[in-house]
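# Coordinate analysis (summary)
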Amino acid sequence: MQNTTWIDRIAEDSNLWFRATRSEDEEDYLSAIRFYLQDASDCLRQHTLLRAALSSSCAADCLARIGDFNLAHALYSETASIYQENSDFIMSHSI
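Residues numbered from 1 in each chain as written. Predicted model: local features only at pLDDT ≥ 70, side-chain atom pairs only at ≥ 80, totals over all residues. Heavy atoms only, no water.

## Description of the packing of aromatic side chains
Tallied over the full model, the rule gives one aromatic pair. The ring of Phe-35 has Arg-34 sitting right over it, with the charged end atom 4.6 Å from the ring centre. (Phe/Tyr/Trp six-rings, centres within 6.5 Å; stacked < 30°, edge-to-face > 60°. Lys NZ or Arg CZ within 6 Å of the ring centre and 35° of its normal.)

## Concerning the side chain of Asn-86
Among the structural elements, Asn-86 can be located in helix α5 (residues 69-93). Classification of Asn-86 as buried rests on a relative accessible area of 15%. Discounting chain neighbours no more than four positions away, the residues touching Asn-86 are Leu-49 and Leu-50. (Helix = DSSP H or I, 4+ residues; strand = E, 2+ residues; numbered from the N terminus. Buried < 20%, exposed > 50% of the residue type's maximum accessible area, 1.4 Å probe, protein only. Contact = heavy atoms within 4.5 Å.)

## Regarding the packing of helix α3 (residues 29-45) against helix α4 (residues 49-65)
It is the contact of α3 with α4, at a shortest axis distance of 8 Å, that shows an interaxial angle of 160°. With respect to each other, α3 and α4 are oriented roughly antiparallel. α3 and α4 meet at a crossing whose hand is left-handed. Of α4, the residues touching α3 (which contributes Tyr-29, Ala-32, Ile-33, Tyr-36, Leu-37, Asp-39, Ala-40, Cys-43 and Leu-44) are Leu-49, Arg-51, Ala-52, Ser-55, Ser-56, Cys-58, Ala-59, Cys-62, Leu-63 and Arg-65. Here the contact of α3 with α4 is built from residues that sort into 14 nonpolar, two polar and three charged. (Axes fitted to C-alpha atoms, helices over the stretch in contact; angles between N-to-C directions. Parallel < 35°, antiparallel > 145°, perpendicular 65-115°, else oblique. Left-handed = near helix turned anticlockwise from the far one by under 90°. Nonpolar A, V, L, I, M, F, W, Y, C, P; charged D, E, K, R; others polar.)

## Description of a nonpolar patch on the surface
A cluster of nonpolar side chains, contributed by Leu-50, Leu-54 and Tyr-83, occupies part of the molecular surface with about 280 Å² of accessible area. Note that Leu-54 resides in helix α4. (Patch = residues over 30% accessible without salt bridge, like charges linked within 9 Å, V, L, I, M, F, W, Y side chains within 5 Å. Areas by Shrake-Rupley, 256 points an atom, 1.4 Å probe, with all protein chains shown as cover. Salt bridge = Lys/Arg side-chain N within 4 Å of Asp/Glu carboxyl O.)

What follows is the structure, given as structure tokens:
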């Protein structure tokens, strides 16, 4: 039986980040937004804040590309809040 490699894990369809970037590359921005936001939500539940913020920012980029600047701005603001939360968490656990 063959071992699963990191590239196999990245490329599988269950990886929301990969599906989002693939959708974005195909200019299917609505699907990309959905996958990025689901990935951000999953990461927030797992307290993986940096990845959640990155996914949120990528979703905002896609929103800007389709011309929804108000929602993109709101999502960029939420992204900043996630980065701030991560910073506060790290500062409370590090010298």
